[in-house]
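Breakdown of the fold
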Amino acid sequence: ALVPDSAHGTNPASCTLAGLDVREVKSARNGLLDMKSFREQLSDRVAVMMITNPNTLGLFERDVLTIARELHDHGALLYLDGANLNAIMGVARPGDFGVDVMHLNLHKTFGTPHGGGGPGAGPIAVKDALAPYLPTPVARRDAAGRAFLDDDRPESIGKVRSFYGNVGVMVRAYAYIRALGAEGIREAAERAVLNANYLLRKLAPRYPVPYGERCMHEFVATGEPFLEHGVKTLDIAKRLIDYGMHPPTIYFPLIVREALMIEPTETESRETLDRFADAMLKIAEEAERSPEILLSAPNTTEFSRFDEVAAGRKPRLRFEPSRLF
Ligand SMILES: Cc1ncc(COP(=O)(O)O)c(C=O)c1O
């Protein structure tokens, strides 16, 4: 499987779980896929390429049609990580730009909040040619219009789960799509892109954006200029909590040092965008003048910094009030 160096870690992980060897495709200096690197990796042994479009830098892969054609010429498929569909829904259809299989991250695009730990759900969409292989059961309607679960699919890869997933999330996504309608869905994408570009313009003077002067629904800035004051992106993120804001994704994608991924979505108003930008600009001043405020942040919460390595290595997942009070 081919996976870009800008991909989310879940992409190579999924390919590995599926038993494929992962080969990396490099990004070019403009943040888009490097066609030379892609062609060096492409061969008849490639089964699939997994891309994200717009990519994790918030840039639309302009060569996607050529990439899809060359993959198909080698008998390979194009898989889309749908995490960034928010930027293009109602505007571009992945099937039209050559995608054969994709998942929809409903908790990123269709109304389920991303933060807060889920639950999430990821329906998979495929081109007709792949439909016979979808996992069972498949929900269908009989001749009388009654819905039923079809297990009788001889070419199916079979069951991949012992349960049906987080169905509630699917129902919510469906309701969201029906409520917005075709026009509303497109407008949501346009607003998400507008909001991200608004923030890019406001923040870029203090937080440089190495790839792209304009973005789709997100952009990746860097906290690198503050390293000389002993302040890391982690400290900036923690300080945002003192300003009453949930910190954004940090240190991803890996190709941007001290990465800060800003993805406001369509739901933010001008006021909330300005509030966030003001907080970020104040934090930039603080980082230069009084970095210690950032190093101890969050300062306004009952607990401050956690041992994140220990939390990852020895997770204690049950809430035990007696340990707190
Ligand atoms: C491009 C991309 N792919 C995959 C994921 C993983 O998403 P999930 O929350 O569904 O595990 C993310 C998360 O932000 C992402 O940005």
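Here is what the cut-offs are and how they apply
Residues numbered from 1 in each chain as written. Predicted model: local features only at pLDDT ≥ 70, side-chain atom pairs only at ≥ 80, totals over all residues. Heavy atoms only, no water. Pairing = 2+ DSSP bridges. Helix = DSSP H or I, 4+ residues; strand = E, 2+ residues; numbered from the N terminus. Near = heavy atom within 4 Å. Polar contact = N/O pair within 3.5 Å; in protein donor to acceptor, adjacent residues only side chain to side chain. Areas by Shrake-Rupley, 256 points an atom, 1.4 Å probe, with all protein chains shown as cover. Nonpolar A, V, L, I, M, F, W, Y, C, P; charged D, E, K, R; others polar. 1 Å grid on protein atoms, 1.4 Å probe; cavity = no way out; pocket = protein on both sides within 12 Å on 5 of 7 lines; lining within 4 Å. Points joined across faces, edges and corners; volume = space filled by probe spheres on them.

1. Some points on the pairing of strand β8 (residues 147-150)
In terms of strand pairing, strand β7 (residues 138-141) meets β8 through 4 bridges, oriented antiparallel. Directly across from Arg140, in β8, lies its bridge partner Phe148. Between the antiparallel neighbours β7 and β8 lie 5 residues, among them Gly145 with a positive phi of about 90 degrees.

2. Brief notes about the site of the ligand
Around the ligand sit 11 residues in total, of which His8, Thr10, Asp81, His107 and Lys108 are the nearest. His107 has a polar side-chain atom sitting 2.9 Å from an oxygen atom of the ligand. Within the side chain of Lys108, a nitrogen or oxygen atom sits 2.5 Å from an oxygen atom of the ligand. In isolation the ligand offers 400 Å² of accessible surface; the protein chains occlude 74% of this area. The class makeup of the residues in the shell around the ligand is 2 nonpolar, 7 polar and 2 charged.

3. A word on the layout of surface pockets
Of the voids in this model, the second largest pocket is the one considered here, and its volume is about 970 Å³. Taken together, 31 residues form the lining of the second largest pocket, with His246, Glu263, Pro264, Thr265 and Glu268 sitting closest to its centre. Of all the elements in the fold, those that place two or more residues in the lining of the second largest pocket are α4 (106-109), α5 (167-203), β10 (249-250), β11 (259-262) and α7 (270-289). With 4 residues, α7 is the single largest residue contributor to the lining of the second largest pocket.

4. Topic: empty space enclosed by the protein
A full pass over the atoms with the stated rule returns 1 cavity of 30 Å³ or more. Roughly 50 Å³ of volume is contained in the largest cavity. Every residue along the wall of the largest cavity is listed here: Pro4, Ser6, Ala7, Leu33, Ile51, Thr52, Asn55, Thr56 and Glu61. Each residue belonging to the lining of the largest cavity can be placed in one class, and the counts come to 4 nonpolar, 4 polar and 1 charged.

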